[in-house]
Amino acid sequence: MISFDKVGFQYGVGPEILHDISVTIEAGSFHFLTGPSGAGKSTLLSMMHFDRRPTRGFLSIMGENVAMLARAKTPLLRRKIGIVFQDFRLLEHLSVFDNVALPLRLAGEKERILSRNVTEILEWVGLGKAMHVSPRALSGGEQQCVAIARAVVGRPGLLLADEPTGSVDDVIGQRVMRLFEELHRLGTAVIIASHNENLIRRFPHTRLELMDGHLVRIPVEFGMKL
Amino acid sequence: MTRIPIQNENRAMTALSVFVSAMMVALSILVLAGAAALHHLDVEWRHALADRWTIEMESSDTLHPVDVEKALSILRTIPGVIDARLITQDELRRLLDPWLGVDALAAELPLPILIDLHVSPTDQITSSLFSERLSAVLPNAKLDDHESWTRIPVRIAQTGEVFGLSLFSAIILTALSTIAAAARARLAINRSEIELLHTLGASDGYIARQFQTDPFRSAAVGSLIGAAISATIIVIAGRVDLSIAPMIPQLYLTAKDVAFLLAVPIGATLLATLVARMTAYSLARRLP
Ligand SMILES: Nc1ncnc2c1ncn2[C@@H]1O[C@H](COP(=O)(O)OP(=O)(O)OP(=O)(O)O)[C@@H](O)[C@H]1O
Ligand SMILES: [Mg+2]
């Protein structure tokens, strides 16, 4: 699904912050992306979402060589990837329903089908009753659930989440994690960037640890002991 | 394409856009209509009298009718002259009645002798050549090619036209910069929306289309209002009867002018839409 081969990255003329990243993300896998603050987790995720290109090395996403990719092609590819941000990024002047419907409307989905899918997904995250309110009226945890609903409503093959539990307490955090696991069971590849050790330890998945610009793969058995 | 209600609604800004487009369109139409009417006036003044010259002599006492006949036949031989005709005293009196009145005093007033010349304006006959030939038969005759007295009103009309067109250019420049500023302000407000749409997989063109709809609507409504305002003013102005002042001809617009003026609101709407679209497009384009 995603393949990094000796990828390096630097911002502008700054120092290289990621060196020789080589990793393969299989379809349907589940990974945590960990590392101290400033290690480059967000940067790595943004490369997987076509927001930044490697400054060297080879990166292929869903069979597309990122270096050769035409601008006109990226919107279609982005729609196949769900993304969740730490700061939710919901549109406050739209209802919860319309926020979640955005990706489907962008894809030109018929309103009838869209309405059914959005309702279903909002019920799944437990917000079936809050469909027509503004996100402003929701708590941080509920807003994060809306953001997750928006990320998965288009049934993406890959879900990227950057600190999805960063602004919610542990109880909500665990609920959010269960939603991700459920998605994973349904076949979606999930990558979650986080430095919430408490949470990570409770969910047995492969860790990709960024240390000094290098990526180390830590298998489940090993990771649980950390 | 389903339209996504992504834009932050800003009533004050929408109202301002409608108002500005209405005013710009109304002003443009009025200024252009004025310039067109002045242009007709200018052309008419120049053409109406271009083929009519007049020869004028003091009074009839000193002049023998035979001399006049001789003068007429000489005049007719000059190349470029189509016809030469003596304006009779009766005719002259009728022409002057409205100015002098029909009383006895007026009847005794000595009238000049006038010869009406019908010349071909394309033949480029010069008045100096004329005066030369004329002085042989009618030594005290004066030639009036009317240019001297049409020159000033024609120049005034032409100055008015130039002034109108400059004003129109100024309005267009103002309108363009206002539209561009409004488009940029609107994008600044909606920047996070644009970035989000981009992230969720919207193409640059899609984003541009989303952000042209509202400006299109404001501009269309404003242009309609502006066109209605200016049309009302033009109709009222057209009703004003100028015939009381005999030297000022009626101002008018042709069907072609009206069609041209109708292009103003349509053009303004398209322009506003295009600018909004291009501004959104260039912003989307700069995203990764
Ligand atoms: N737009 C940018 N321009 C220049 N440098 C940047 C930019 N964004 C991030 N960096 C730098 O790149 C490095 C990695 O940043 P990044 O945000 O990827 O880290 P992170 O692992 O996500 O950190 P955190 O856990 O705090 O979110 C940091 O040193 C940061 O200062
Ligand atoms: Mg980060």
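Computed from a predicted structure; not experimentally measured.

**Student:** How do you make sense of the overall build of chain B when you look at a structure like this?
**Tutor:** The number of helices and strands found in chain B is 10 helices and four strands. Sequence-ordered secondary structure for chain B, helices as α and strands as β, is α-β-α-β-α-α-β-α-β-α-α-α-α-α. Here chain B holds 288 residues, and the buried ones make up 38% of them. Across chain B, contacts joining residues at least 24 apart in sequence account for 85% of those joining residues at least 6 apart. In the form shown here, chain B has an accessible surface area of approximately 16,400 Å², with 66% of it arising from carbon and sulfur atoms.

**Student:** What exactly am I supposed to notice about the packing of helix α3 (residues 96–106) of chain A against helix α5 (residues 140–152) of chain A here?
**Tutor:** Two numbers describe a pair of packed helices, the interaxial angle and the distance between the axes. Residue and element names in this part refer to chain A. Running from N to C, α3 and α5 point in directions that differ by 30°, and their axes come no closer than 7 Å. If you check the angle between α3 and α5, you find them roughly parallel. Where α3 crosses over α5, the two elements pack in a sense that is right-handed. Seen from α3, the contacting residues are V96, N99, V100 and P103; seen from α5, they are V146, A149 and R150.

**Student:** It is not clear to me how the packing of aromatic side chains should be interpreted in this structure. Could you clarify?
**Tutor:** Working definition: an aromatic ring pair is given by the centre-to-centre distance plus the angle between the planes. All names here are of chain A. Within this structure, the stated rule accounts for two aromatic pairs over all chains. Arranged with centres 4.9 Å apart and planes meeting at 85°, the rings of F9 and Y11 form a pair that is edge-to-face. Residue Y11 is classed as partly exposed on the basis of its relative accessible area, which comes to 38%. Taking 5.7 Å as the distance between ring centres and 70° as the angle between the ring planes, the aromatic pair formed by F30 and F32 counts as edge-to-face. F32 matches F30 in its accessibility class, with the two residues each being buried. The ring centre of F85 lies 3.8 Å from the NZ or CZ of R89, which sits over that ring.

**Student:** Mind showing me how you'd approach the sheet that holds strand β3 (residues 113–119) of chain B here?
**Tutor:** By definition, the strands of a sheet pair up through backbone hydrogen bonds, in either a parallel or an antiparallel sense. Residue and element names in this part refer to chain B. Sheet architecture is open: four strands sit in the order β2-β3-β1-β4, paired in antiparallel fashion. At either margin of the open sheet sits one strand with a lone partner, and together these are β2 (81–87) and β4 (142–144). Neighbour-to-neighbour, the strand axes of the sheet open up by a mean angle of 20°, direction not taken into account. Examined bridge by bridge, strand β1 (residues 52–57) and β4 share three bridges and lie antiparallel to one another. Within β4, the residue paired with I55 across the bridge is L143.

**Student:** Help me understand the environment of R76 of chain B in this model?
**Tutor:** Residue and element names in this part refer to chain B. Structurally, the position occupied by R76 is in helix α2 (residues 65–77). With relative accessibility at 40%, the residue R76 sits in the partly exposed group. Here the alpha-carbon distance between R76 and R151, two residues 75 residues apart in the chain, equals 27 Å. Beyond its immediate sequence surroundings of up to four residues, R76 is in contact with V81, D83 and A84. A distance of 2.7 Å separates a polar side-chain atom of R76 from the backbone oxygen of A84.

**Student:** So what exactly am I meant to see when it comes to the pairing of β1 of chain B here?
**Tutor:** As a general feature of sheets, a regular strand has side chains that alternate between the two faces. When β1 of chain B meets β3 of chain B, the two strands line up antiparallel, connected through six bridges. In the sheet register, M57 of chain B faces β3 of chain B, and the bridge partner there is I113 of chain B.

**Student:** Help me understand the sheet that holds strand β2 (residues 16–25) of chain A in this model?
**Tutor:** Residue and element names in this part refer to chain A. Spatial strand order, β2-β1-β4-β5: four strands in an open sheet with antiparallel pairing. Only two strands of the sheet have a single neighbouring strand rather than two, namely β2 and β5 (64–65). In terms of strand pairing, strand β4 (residues 56–61) meets β5 through two bridges, oriented antiparallel. Bridging across to β5, I61 finds its partner in E64. Sheet contacts for helix α1 (residues 41–48): β1 (2–10), β2 and β4; angle to β1, the most-contacted strand, approximately 125°.

**Student:** How should the interface of chain A and chain B be read in this particular structure?
**Tutor:** Quoted interface sizes are often the accessible area lost when the parts come together. Taken together, the contact pairs 19 residues of chain A with 21 residues of chain B. For the pair chain A and chain B, the summed buried area comes to about 1,800 Å², and 63% of that belongs to carbon and sulfur atoms. The largest contributions to the chain A side of the interface with chain B come from R71, H93 and L106 of chain A, which together make up 36% of the buried area. In this assembly, chain A and chain B are joined by one salt bridge. Among the ionic pairs, R71 of chain A bridges to D204 of chain B, the shortest N-O distance being 2.6 Å. Linking chain A with chain B are nine residue pairs in polar contact (both at pLDDT 80 or more), by the criterion used here. Mapped onto the side of chain A that touches chain B, the elements with two or more residues apiece are α2 (74–78) and α3 of chain A. Per-element accounting of the side of chain A that touches chain B gives the leading share, four residues, to α3 of chain A.

**Student:** Is there a simple way to explain the environment of R133 of chain B in this structure?
**Tutor:** Here R133 of chain B is to be found in helix α5 (residues 127–137). Considering only alpha carbons, one finds R133 of chain B and L167 of chain B, 34 residues apart in sequence, at a separation of 48 Å.

**Student:** Would you mind going over the packing of α3 of chain A against helix α4 (residues 111–124) of chain A with me for this structure?
**Tutor:** Residues and elements named next belong to chain A. Running from N to C, α3 and α4 point in directions that differ by 125°, and their axes come no closer than 9 Å. Compared by their axis directions, α3 and α4 come out oblique. As for the relative orientation of α3 and α4, their crossing is right-handed in sense. Note on element contacts: α4 touches α3 through E111, L114, S115, N117, V118, T119, I121 and L122, opposite V96, F97, V100, A101, L104 and R105.

**Student:** In this structure, what is going on with the site of ligand 1? I would like to understand it.
**Tutor:** Residues and elements named next belong to chain A. Within the structure, ligand 1 sits among Y11, I17, P36, S37, G38, A39, G40, K41, S42, T43, E163 and H195. In this structure, A39 approaches ligand 1 through a main-chain N or O atom, which is 3.3 Å from an oxygen atom. At 2.7 Å, a side-chain N or O of S42 approaches an oxygen atom of ligand 1. In isolation ligand 1 has 630 Å² of accessible area, and contact with the protein removes 57% of it. If you tally residues by element for the shell around ligand 1, the top one is α1, at three residues.

**Student:** Looking at this model, I keep getting lost on unusual backbone geometry. Mind explaining?
**Tutor:** Of all residues except glycine, most have a negative phi; of all peptide bonds, most are trans. All names here are of chain A. The residue F50 is not glycine, and still its phi comes out positive at about 65°. Mapped onto the elements of the fold, F50 is located in the loop between α1 and β4. When its relative accessible area of 6% is taken as the criterion, F50 is described as buried. We note that E163 has phi near 50°; this positive angle belongs to a residue other than glycine. Here E163 shows up in the loop between β7 (158–162) and α6 (170–185).

The rules we used
- Residues numbered from 1 in each chain as written.
- Chains lettered and ligands numbered in written order.
- Predicted model: local features only at pLDDT ≥ 70, side-chain atom pairs only at ≥ 80, totals over all residues.
- Heavy atoms only, no water.
- Helix = DSSP H or I, 4+ residues; strand = E, 2+ residues; numbered from the N terminus.
- Buried < 20%, exposed > 50% of the residue type's maximum accessible area, 1.4 Å probe, protein only.
- Contact = heavy atoms within 4.5 Å.
- Areas by Shrake-Rupley, 256 points an atom, 1.4 Å probe, with all protein chains shown as cover.
- Axes fitted to C-alpha atoms, helices over the stretch in contact; angles between N-to-C directions.
- Parallel < 35°, antiparallel > 145°, perpendicular 65-115°, else oblique.
- Left-handed = near helix turned anticlockwise from the far one by under 90°.
- Phe/Tyr/Trp six-rings, centres within 6.5 Å; stacked < 30°, edge-to-face > 60°.
- Lys NZ or Arg CZ within 6 Å of the ring centre and 35° of its normal.
- Pairing = 2+ DSSP bridges.
- Polar contact = N/O pair within 3.5 Å; in protein donor to acceptor, adjacent residues only side chain to side chain.
- Buried area = accessible area lost by both parts, 1.4 Å probe.
- Salt bridge = Lys/Arg side-chain N within 4 Å of Asp/Glu carboxyl O.
- Near = heavy atom within 4 Å.

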